[in-house]
Amino acid sequence: MAEYKQKILMTEFVTHDVKRFIIEKPENYEFEPGQATEVAVAEEGWEDKKRPFTFTSLNEDKVLEFTIKGYPEHNGVTEKLHSLVSGDELLIEDPWGTINYQGEGVFLAGGAGVTPFIAILRNLRNKRKLGSNELIFANKKAKDVILEKEFREMLGDNFIPILTEEEKEGYEKDYINKDYLKRNIDDFSQNFYVCGPPNFVEDLTEALKELGADPDEVVLEE
């Protein structure tokens, strides 16, 4: 597996605990929307601590973008990443597959699990092929919703933000579970894409299969 040392060009917060990282793109580096790579900090003591992150940029972009939630309570890689600034370096490897887009359907995301869907939806928007794709996105509070403005502009009424711990106008206060799916989805023969923390993915995948769906899922390692 090839390894590339690339410089960080820019970082900025997109929510209170999620940062976007713009980094140099290796020459002839190609990937598909929804793919990920292993990322490590290019500093002594951190180079072997690789974690998978999804590209949120598109293949045709001249830079790479990652959108990464920090977990300071873990005292680990994401906390270290959030401390980095322009000029620091990351190690990345070749891309590998995560979510495989198979056609229009429903995207179900929990928290930072939305990241594999960002490039997929941006790519469809650029190709004018968003169609009837729907994103149902669960977070604890409104402040946690990643790229909310972009998703609302991109998907309109097909963007459904769910809050589990807060009641606020413009959001549904609910939980995405089997009961929610039965109440809100009519067609379980369509494509379903699920990404989020382990329990979220496991519970929804099981519920969708019981309801007759065949979901494509990926577990987000927190």
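Residues numbered from 1 in each chain as written. Predicted model: local features only at pLDDT ≥ 70, side-chain atom pairs only at ≥ 80, totals over all residues. Heavy atoms only, no water.

### Details of the packing of helix α2 (residues 115-126) against helix α3 (residues 148-155)
Orientation of α2 relative to α3, taken along the N-to-C sense of each, is 40°, at an axis distance of 11 Å. Relative to α3, the element α2 is oriented oblique. The two elements α2 and α3 cross, and the hand of that crossing is left-handed. Residues Ile118, Leu121, Arg122 and Arg125 of α2 pack against Glu150, Phe151, Met154 and Leu155 of α3. Across the contact of α2 with α3, the residue classes break down as five nonpolar, no polar and three charged. (Axes fitted to C-alpha atoms, helices over the stretch in contact; angles between N-to-C directions. Helix = DSSP H or I, 4+ residues; strand = E, 2+ residues; numbered from the N terminus. Parallel < 35°, antiparallel > 145°, perpendicular 65-115°, else oblique. Left-handed = near helix turned anticlockwise from the far one by under 90°. Contact = heavy atoms within 4.5 Å. Nonpolar A, V, L, I, M, F, W, Y, C, P; charged D, E, K, R; others polar.)

### Some words on the environment of arginine 122
When you line up the elements, arginine 122 lands in helix α2. Dropping the residues within four chain positions of it, arginine 122 is found in contact with Thr56, Leu58, Glu65, Leu147, Glu150 and Met154.

### Focus: the sheet that holds strand β5 (residues 63-69)
The six strands lie next to each other as β4-β3-β6-β1-β2-β5, forming an open sheet whose pairing is antiparallel. The sheet is open, and its two edges are formed by β4 (51-54) and β5, each paired on a single side. Neighbour-to-neighbour, the strand axes of this sheet turn through a mean angle of 40°, independent of strand direction. Here strand β3 (residues 36-41) pairs with β4 via four bridges, running antiparallel. Across the sheet, the residue bridging to glutamate 38 is proline 52, located in β4. (Pairing = 2+ DSSP bridges.)

### Quick notes on α2
With twelve residues, α2 extends 17 Å from end C-alpha to end C-alpha; this agrees with the ideal 16 Å at 1.5 Å per step. Where α2 is concerned, the buried positions are Thr115, Pro116, Phe117, Ile118, Ala119, Ile120, Leu121, Arg122, Asn123 and Leu124. (Expected span 1.5 Å × (residues − 1). Buried < 20%, exposed > 50% of the residue type's maximum accessible area, 1.4 Å probe, protein only.)

The values are spatial; any link to function lies outside them.
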